[in-house]
Amino acid sequence: MKKIVTIQDISCIGKCSLTVALPIISSMGIETAVIPTAVLSTHTAFKDFTYRDLSLDIPLIQKHWKKENFNFNAIYTGYLGSINQIDMIQDFFQEFKTTSNFIFIDPVMGDNGKLYTGFNQKFATKMAKLCKMADIIVPNLTEASYMLKKEYKEEYTKEEIKQILVSLSNLGPKKVILTGVSFNKNELGVITYDKKTKKFFSYFKEKIDVKYHGTGDVFSSTCVAALVNNYSLEKSIKIATDFVWEAIKHTYNTKGKDAYGVDFEKKLGTIINYKEGSNI
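On a predicted model such as this, the values are computed, not experimentally measured, just so you know.

Focus: the overall build of the protein chain
Next up, step 1: Along the protein chain, the regular secondary structure elements total eight helices and eleven strands.
Next up, step 2: Expected size for 280 residues packed as a compact globule is a radius of gyration near 19 Å; at 17 Å, the protein chain falls within 12% of this value.
Next up, step 3: Along the first, second and third principal axes, the C-alpha set of the protein chain runs to 50 × 45 × 40 Å.
Next up, step 4: Split into buried and exposed, the 280 residues of the protein chain put 51% on the buried side.
Next up, step 5: Considering only residue pairs separated by 6 or more positions, the protein chain has 68% of its internal contacts joining residues 24 or more positions apart.
Next up, step 6: Counting only carbon and sulfur atoms, one obtains 50% of the accessible surface of the protein chain, whose full area is about 13,500 Å².

Section: the sheet that holds strand 11 (residues 199-206)
Sheet strands pair by backbone hydrogen bonding; their relative direction is either parallel or antiparallel.
Next up, step 1: One open sheet holds the nine strands; their spatial order is 3-2-1-4-5-8-9-10-11, and the pairing between them is mixed. Looking at the sheet topology across the chains shown, the edges are occupied by strand 3 (51-53) and strand 11.
Next up, step 2: As judged from the two bridges shared by strand 8 (residues 136-137) and strand 9 (residues 175-181), these two strands associate in the parallel manner. Residue pairing in the sheet places Ile-136 in a bridge with Lys-175 of strand 9.
Next up, step 3: Strands in contact with helix 6 (residues 158-169) are strand 8, strand 9, strand 10 (187-194) and strand 11; relative to strand 9, the strand with the most contacts, it is inclined by about 140°.
Next up, step 4: Sheet strands in contact with helix 8 (residues 233-255) are strand 9, strand 10 and strand 11, and its direction is about 20° off that of strand 11.

So, the environment of Lys-255
Next up, step 1: Inspection of the secondary structure assignment puts Lys-255 in helix 8.
Next up, step 2: Lys-255 gets classed as partly exposed once you look at its relative accessible area, which sits at 45%.

Let's talk about the pattern of salt bridges
Next up, step 1: Counted by the stated rule, this structure contains eleven salt bridges.
Next up, step 2: Between Asp-209 and Lys-257 there is a salt bridge; the shortest N-O distance is 4.0 Å. Of this pair, Asp-209 sits in the loop between strand 11 and helix 7 (215-228) while Lys-257 sits in the segment after helix 8, and the two are 48 residues apart along the sequence.

Some words on the packing of helix 3 (residues 83-96) against helix 4 (residues 121-130)
Next up, step 1: Direction vectors running N to C along helix 3 and helix 4 enclose 5°, while the axes themselves pass 9 Å from each other. As summarised for this structure, helix 3 and helix 4 are arranged roughly parallel, according to the angle between their axes. Between helix 3 and helix 4, the residues in contact are Ile-83, Ile-86, Asp-87, Ile-89, Gln-90 and Phe-93 and Lys-122, Phe-123, Lys-126, Met-127 and Leu-130, respectively.
Next up, step 2: Grouping the amino acids of the contact of helix 3 with helix 4 by side-chain chemistry returns seven nonpolar, one polar and three charged.

Re the environment of Thr-215
Next up, step 1: Residue placement: Thr-215 occurs in helix 7.
Next up, step 2: Considered as a pair, Thr-215 and Cys-16 are 199 residues apart in the sequence and their alpha carbons are 7.6 Å apart.
Next up, step 3: For Thr-215, the residues in contact, after removing those within four places along its chain, are Val-244, Ile-248 and Val-262.

Some thoughts on helix 6
Next up, step 1: The terminal C-alpha atoms of helix 6 lie 17 Å apart, and with twelve residues this matches the ideal 16 Å at 1.5 Å per residue to within 8%.
Next up, step 2: Buried residues of helix 6: Ile-161, Ile-164, Leu-165, Leu-168 and Ser-169, and no others. Axial view of helix 6: buried residues confined to an arc of 135°, hence all on one face.
Next up, step 3: Contact partners of the buried residues in helix 6: strand 8, helix 5 (141-148), strand 9, strand 10 and strand 11.

Observations concerning the packing of aromatic side chains
Next up, step 1: Under the definition given, this model contains twelve aromatic pairs.
Next up, step 2: Plain terms: the ring middles of Trp-65 and Phe-92 are 6.2 Å apart, the flat faces sit at 70° to each other, and that makes the pair edge-to-face. In this pair, Trp-65 is assigned in helix 2 (residues 57-67) and Phe-92 in helix 3, connecting sequence segments 27 residues apart. The same class applies to Trp-65 as to Phe-92, namely buried.

Regarding a nonpolar patch on the surface
Next up, step 1: Among the surface-exposed residues, Ile-13, Phe-46 and Tyr-260 lie close enough to one another that they form a single nonpolar patch of about 270 Å² accessible area.
Next up, step 2: The residue Tyr-260 is located in the segment after helix 8 in this model.

Let's talk about the pairing of strand 1 (residues 3-11)
Next up, step 1: Taken across its nine residues, strand 1 has eight buried, putting it largely inside the fold.
Next up, step 2: In this region the chain leaves strand 1, passes through helix 1 (residues 18-27) and returns to the parallel neighbour strand 2 (residues 31-40); the handedness of that crossover is right-handed.
Next up, step 3: Strand direction decides the pairing type here: strand 1 and strand 4 (residues 74-77), joined by four bridges, are parallel. Counted as the bridge partner of Ile-4 is Ala-74 from strand 4.

Cut-offs applied
Residues numbered from 1 in each chain as written. Predicted model: local features only at pLDDT ≥ 70, side-chain atom pairs only at ≥ 80, totals over all residues. Heavy atoms only, no water. Helix = DSSP H or I, 4+ residues; strand = E, 2+ residues; numbered from the N terminus. Rg over C-alpha atoms; globule rule 2.2 N^0.38 Å. Buried < 20%, exposed > 50% of the residue type's maximum accessible area, 1.4 Å probe, protein only. Contact = heavy atoms within 4.5 Å. Areas by Shrake-Rupley, 256 points an atom, 1.4 Å probe, with all protein chains shown as cover. Pairing = 2+ DSSP bridges. Axes fitted to C-alpha atoms, helices over the stretch in contact; angles between N-to-C directions. Salt bridge = Lys/Arg side-chain N within 4 Å of Asp/Glu carboxyl O. Parallel < 35°, antiparallel > 145°, perpendicular 65-115°, else oblique. Nonpolar A, V, L, I, M, F, W, Y, C, P; charged D, E, K, R; others polar. Expected span 1.5 Å × (residues − 1). Arc of directions from axis to C-beta. Phe/Tyr/Trp six-rings, centres within 6.5 Å; stacked < 30°, edge-to-face > 60°. Patch = residues over 30% accessible without salt bridge, like charges linked within 9 Å, V, L, I, M, F, W, Y side chains within 5 Å. Right-handed = clockwise from strand over helix to strand, strands pointing away.

In structure tokens:
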């Protein structure tokens, strides 16, 4: 059975990070191993959330797994709780990266032009260095701006987006997936760049006028699972984008704009057939 290890926090309420990654990856027929980076009472959009750093546990888990000779088809990182954890994850990559697996980094730091609580430019710069070790990175425009030390804007031309993608690839990853891209008010989607082939690929859906926390985690978890199940990057992006869109649409139609996360659970049936070997 294929196995993905995902390294990110547990937000006890909020539908993001591990509470999203576990059910999505598992529903696509893949064993999910986890390394929690922190425990938060809620995600960071709530006020007065509690936070417990789990940095001391990370090297101990790594040591035990190495002793047991565990291996993974993909290493997938999300929210890292502190700048010191970036060094720990770099060491984890060195221990568990093989010629037959890949590293998938979602550099979770912020959205809508602002960093999340607890992050700063120093963290973003360090994250950019970690991305050098990745095969694939999945930033949104805010995270891309901070890693590249470029001004964030609300609107971009197609040429500006292509320049951002190439600049991100120059950090080191083989492929870049940039989320949250829009060139008109009616569409929102994803654009990718393959450094080897120098080809771009884009996929857009009808824009739903609402923003929910955790949709990036839903996208990344679905995309990495599809890739491990041998779907192409383009197909994996379509699967993930369609799933996020369906989850947003359902949540908006049932809860309006006030939900603290998307009800992706109601739409898991749309991805459950994208297992390895599926012809769908």
